[in-house]
Amino acid sequence: QVQLVESGGGLVQAGGSLRLSCAASGRTFSSYVMGWFRQAPGKERELVAAITWSGARTYDADSVKGRFTISRDNAKNTVYLQMDRLKPEDTAVYYCAARLGNMSPQRPPEYWGQGTQVTVSS
């Protein structure tokens, strides 16, 4: 199994930046496609971005393209989400996720972190 723990959320002003981190367990970390999801109150959980073990982006949501950047450091067993030019509509709980295989809105992850709150004020 894979254990995922997010950190780095908080309250920021519109136009600001945050970097989320996800610490992953296990020696098989590099075998998994990693991703970030988010869920706002009353909304479905949404895939934001995904990345392969080699660092290739496999998915970027249109709503965040050009503002958010996913990356991973396999040596540190860590996945990041750099969020720039944040907007109030980015407010949500952000979840780190892992899947052994392709990840997409149609292929949900097998493992989830506990989530970290991101709030963007207007």
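Heads up: these notes are all about the structure in this document. (Residues numbered from 1 in each chain as written. Predicted model: local features only at pLDDT ≥ 70, side-chain atom pairs only at ≥ 80, totals over all residues. Heavy atoms only, no water.)

By the definition in use, this model includes 3 aromatic pairs. Through successive ring pairs, a cluster of aromatic residues spans F37, Y95 and W112. Over the face of the ring belonging to Y95 we find R45, whose NZ or CZ atom lies 4.0 Å from the ring centre. In this arrangement the basic side chain of R45 is found over the ring face of W112, its NZ or CZ atom lying 4.6 Å from the centre. (Phe/Tyr/Trp six-rings, centres within 6.5 Å; stacked < 30°, edge-to-face > 60°. Lys NZ or Arg CZ within 6 Å of the ring centre and 35° of its normal.)

Formed by 27 residues in total, the largest nonpolar core has its most connected members in L4, M34, W36, F68, L81, M83 and Y94. Mapped onto this core, the elements with two or more residues apiece are β3 (18-24), β4 (33-39), β5 (46-51), β7 (68-73), β8 (78-83), β9 (92-99) and β11 (116-121). With residues up to four places along the chain from it excluded, the contact list for Y94 reads E6, L20, W36, F37, R38, V48, F68, L81, M83, G115, T116 and V118. Residues F37, L47, A50 and A97 belong to the second largest nonpolar core, which totals 7 residues. (Core = buried A, V, L, I, M, F, W, Y, C linked by side-chain atoms within 4.5 Å. Buried < 20%, exposed > 50% of the residue type's maximum accessible area, 1.4 Å probe, protein only. Helix = DSSP H or I, 4+ residues; strand = E, 2+ residues; numbered from the N terminus. Contact = heavy atoms within 4.5 Å.)

It is worth spelling out the environment of L18 at this point. Along the chain, L18 falls in strand β3. By relative accessible area, which is 14% here, L18 ends up buried. Distance in space between the C-alpha atoms of L18 and K43 is 22 Å, their sequence separation being 25 residues. Filtering out sequence-adjacent residues up to four positions away, L18 remains in contact with G8, G9, G10, V12, L81, Q82, M83, L86 and V118.

Defined simply, a disulfide is a covalent bond joining two cysteines at their sulfur atoms. Applying the stated criterion to the full structure yields 1 disulfide. Here C22 engages in a disulfide with C96; their sulfurs sit 2.1 Å apart. Because the torsion about its S-S bond is -80 degrees, the bridge between C22 and C96 counts as left-handed. Here the residue C22 occupies a position in strand β3, and C96 occupies one in strand β9, the gap between them amounting to 74 residues. With a relative accessible area of 0%, C22 lands in the buried category. With a relative accessible area of 0%, C96 lands in the buried category. (Disulfide = S-S within 2.5 Å.)

With that out of the way, let us pick up the sheet that holds strand β1 (residues 4-7). In spatial order, the strands read β1-β3-β8-β7; together these 4 strands make up an open sheet with antiparallel pairing. Two strands bound the open sheet, and with one partner strand each, they are β1 and β7. Across the sheet, the mean angle from the axis of one strand to that of its neighbour is 15 degrees, orientation sign disregarded. As paired strands, β7 and β8 are joined by 6 bridges and run antiparallel to one another. Bridging across to β8, T69 finds its partner in Q82. (Pairing = 2+ DSSP bridges. Axes fitted to C-alpha atoms, helices over the stretch in contact; angles between N-to-C directions.)

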